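Analysis of the macromolecular model
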Amino acid sequence: MFNEEFETLPRPALEALQLKRLQAMLERIYANVPFYKNALDKAGVKPGQITSLADLQRLPFTYKQDMRDSYPYGLFAAKMEDIVRIHASSGTTGKPTVVGYTRKDIETWSELMARSFAAAGVHKGDIIHNSYGYGLFTGGLGAHYGAEKLGASVIPMSGGNTKKQIMIMKDFGSTVLTCTPSYSLFMAEAAVEEDVDFRNLSLRVGIFGAEPWSDSMRKEIEGKLNLSAIDIYGLSEIMGPGVAIECQQAKQGLHIWEDHFIPEIIDPMTGEALPPGVKGELVITTITKEGIPLLRYRTRDITSITFEPCVCGRTHARIARMSGRSDDMLIIRGVNVFPSQIESILMGIEGVEPHYVLIVERKGNLDVLEVQVEVGENLFSDEVKHLQALSHSIEKEIKDMLGVSCKVRLVEPKTIARSEGKAKRVIDNRTMGN
Ligand SMILES: [Zn+2]
């Protein structure tokens, strides 16, 4: 462990620390951020009235829209002269959301990323091939600073130029790969073309995040890249990568660093707290951040939480692997569907490749879902009736498991666009308000 004392704090001590830090954070935002002063006044709560962690539920949520409305620096709680780094997440519509870090925030982030690497089984002496994008996106620099803090050697590759990535990985003896899960599979394909066999590389651990992926995708990646694949979670609004990570010992849920973040799971429709084990939206309060502390931030990510002890000895709660974002949740003829659920089904079928896209159209008043998925070369050259039988059996499986009818179209290898960053899994052609 990178910080054994804090990673194994007994729960009563951990919760006492959370409360103390929460109270200090509330005083800070009430005094320095007009948005929060108004929000707390409106809720009729003064920071001093929060005397237990359960009181958190009396406090208002923060939404992504609040960050957009405060563009660019409206939610900052520190003076601009104390901000040493600015990142932004690309919005699909309009302005990005902007986050600022003080020197202490950067130190905390580096430590939490170092803890995350250590939990994944990475140590000093490892050569970390970092293919997360460097730039406004938090992935690249977040992993980079954590790797240096840990004392490992980091190769700042960033994304793109896949041939070169493979050459460097081979020649430099990279032992750890960090990128999005979809990019790792793209690399696996490119390696085949370059005549490079991952079994001859030194890679031991892969740390994959920035998009939801399934356990079946994990098996696929582990098989193709010959490494142990670990799921990492983070978002720029909260910090960046390293908010939570699976431990190498259990790979059963992601430890969320509770001495810096308070997680809650709520019903996304009503906002009510949900008990451990029940799926809902993850809400995070940052309790140590100085640059842009956020109170009960609605992440839109869907997961559940457990406080059960873990075999690794860490006492921090674990969140389940994300089943998707409530934003990404498709509602097809009234049925809720996450792309990751379809992915799980596809990956369980022999001959089907881990490249797919979901296309939703509205025909008349009816939503129509088409699943395009690639099949292997030898399967594709097979007789038409075999392909038809396969697509029908996938359609049936999706109907049985998810209760939604769809049309499955099997496509040739390499038909579906590859991504060097986050994969685009859904094309929704339904027009709003139609
Ligand atoms: Zn663990």
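Placed above this text is the structure.
Rules and cut-offs
Residues numbered from 1 in each chain as written. Predicted model: local features only at pLDDT ≥ 70, side-chain atom pairs only at ≥ 80, totals over all residues. Heavy atoms only, no water. Helix = DSSP H or I, 4+ residues; strand = E, 2+ residues; numbered from the N terminus. Rg over C-alpha atoms; globule rule 2.2 N^0.38 Å. Contact = heavy atoms within 4.5 Å. Lys, Arg positive; Asp, Glu negative; His and termini not counted. Charge placed at Lys NZ, Arg CZ, Asp CG, Glu CD. 1 Å grid on protein atoms, 1.4 Å probe; cavity = no way out; pocket = protein on both sides within 12 Å on 5 of 7 lines; lining within 4 Å. Points joined across faces, edges and corners; volume = space filled by probe spheres on them. Nonpolar A, V, L, I, M, F, W, Y, C, P; charged D, E, K, R; others polar. Pairing = 2+ DSSP bridges. Axes fitted to C-alpha atoms, helices over the stretch in contact; angles between N-to-C directions. Patch = residues over 30% accessible without salt bridge, like charges linked within 9 Å, V, L, I, M, F, W, Y side chains within 5 Å. Areas by Shrake-Rupley, 256 points an atom, 1.4 Å probe, with all protein chains shown as cover. Salt bridge = Lys/Arg side-chain N within 4 Å of Asp/Glu carboxyl O. Buried < 20%, exposed > 50% of the residue type's maximum accessible area, 1.4 Å probe, protein only. Phe/Tyr/Trp six-rings, centres within 6.5 Å; stacked < 30°, edge-to-face > 60°. Lys NZ or Arg CZ within 6 Å of the ring centre and 35° of its normal. Expected span 1.5 Å × (residues − 1). Donors = N, O, S within 2.8 Å, 3.2 Å for Na, K, Ca; no water. Tetrahedral: all angles 85-135°; square planar, octahedral: opposite > 155°, others 65-115°.

Another point: the overall build of the chain. For the chain, the count of helices and strands is twelve helices and 21 strands. The C-alpha atoms of the chain give 22 Å as radius of gyration, which agrees with the globular expectation for 434 residues (22 Å, within 12%). In the chain, the proportion of contacts linking residues at least 24 apart, taken out of those at least 6 apart, comes to 66%. Each charge sign in the chain was given a centre, from 50 positive and 56 negative side chains, and these centres are 3 Å apart.

Under the criterion given, the structure shown has two cavities of 30 Å³ or more. Of the voids in this model, the largest cavity is the one considered here, and its volume is about 80 Å³. Lining the largest cavity, in full, are Y101, D105, T108, W109, M239, H260, F261, T286, T288 and K289. Residues belonging to the lining of the largest cavity are distributed by class as follows: four nonpolar, four polar and two charged.

Below, the discussion takes up the sheet that holds strand β19 (residues 366-375). Read from one edge of the open sheet, four strands run β20-β19-β18-β21, paired in mixed fashion. Every other strand in the sheet has two partners, leaving β20 (407-411) and β21 (426-428) as the edge strands with one partner each. Sheet twist, expressed as the mean angle between neighbouring strand axes with direction ignored, is 20°. Seen against the sheet, helix α12 (residues 384-402) touches β18 (352-363), β19 and β20 and runs at an angle of roughly 140° to β20.

Residues Y73, M80 and I86 make up a contiguous nonpolar surface patch of about 260 Å² in total accessible area. Among the structural elements, M80 can be located in the loop between α4 (64-69) and β1 (83-89). On the basis of relative accessible area, M80 is assigned to the partly exposed category, the value being 37%.

The subject of this paragraph is the packing of aromatic side chains. A complete count under the given rule lists six aromatic pairs for this structure. An angle of 70° between the planes, with centres 6.3 Å apart, marks the rings of F61 and Y63 as edge-to-face. With a centroid separation of 5.8 Å and an interplanar angle of 85°, the aromatic rings of F208 and W213 are classed as edge-to-face. Exposure class is identical for F208 and W213. Each is buried. In this structure, R298 is placed above the aromatic ring of F61, and the distance from its NZ or CZ to the ring centre is 4.8 Å.

An ideal rise of 1.5 Å per residue puts 18 Å on 13 residues; helix α8 (residues 181-193) measures up with 19 Å between its terminal C-alpha atoms. Among the 13 residues in α8, eleven count as buried, and that is most of the element. Taken together, the buried positions of α8 are P181, S182, Y183, S184, L185, F186, M187, A188, E189, A190 and A191. Buried residues along α8 sit against α7 (162-171), β5 (176-179), β6 (205-208), α9 (215-225) and β18. One or two positions beyond α8, positive phi appears at D195, with a value near 65°.

So, on to the coordination of the zinc ion. Protein coordination at the zinc ion: the donors are C247 (SG), H255 (NE2), C310 (SG) and C312 (SG), at 2.1 to 2.3 Å from the metal. Each of the four donor atoms around the zinc ion contributes to a set of angles spanning 99 to 114°, which defines the coordination as tetrahedral. Written as a sequence motif, the donor arrangement for the zinc ion is C-x7-H-x54-C-x1-C. A residue pair is termed long-range when its members are at least 10 positions apart, and C247 in the loop between β8 (240-246) and β9 (254-256) and C310 in the loop between β13 (305-306) and β14 (318-319) qualify at 63 residues. A relative accessible area of 0% means that C247 is categorised as buried.

With that out of the way, let us pick up the sheet that holds β9. Read across the open sheet, the nine strands follow the order β4-β3-β5-β6-β7-β8-β9-β14-β13; overall the sheet is mixed. Two strands lie at the open edges of the sheet, namely β4 (153-156) and β13, each paired on one side alone. Note that strand β3 (residues 127-130) and β5 share three bridges and pair parallel. What sits directly across from N130, in β5, is T178. On the sheet, helix α6 (residues 138-150) packs against β3, β4 and β8 and is oriented at approximately 65° with respect to β8.

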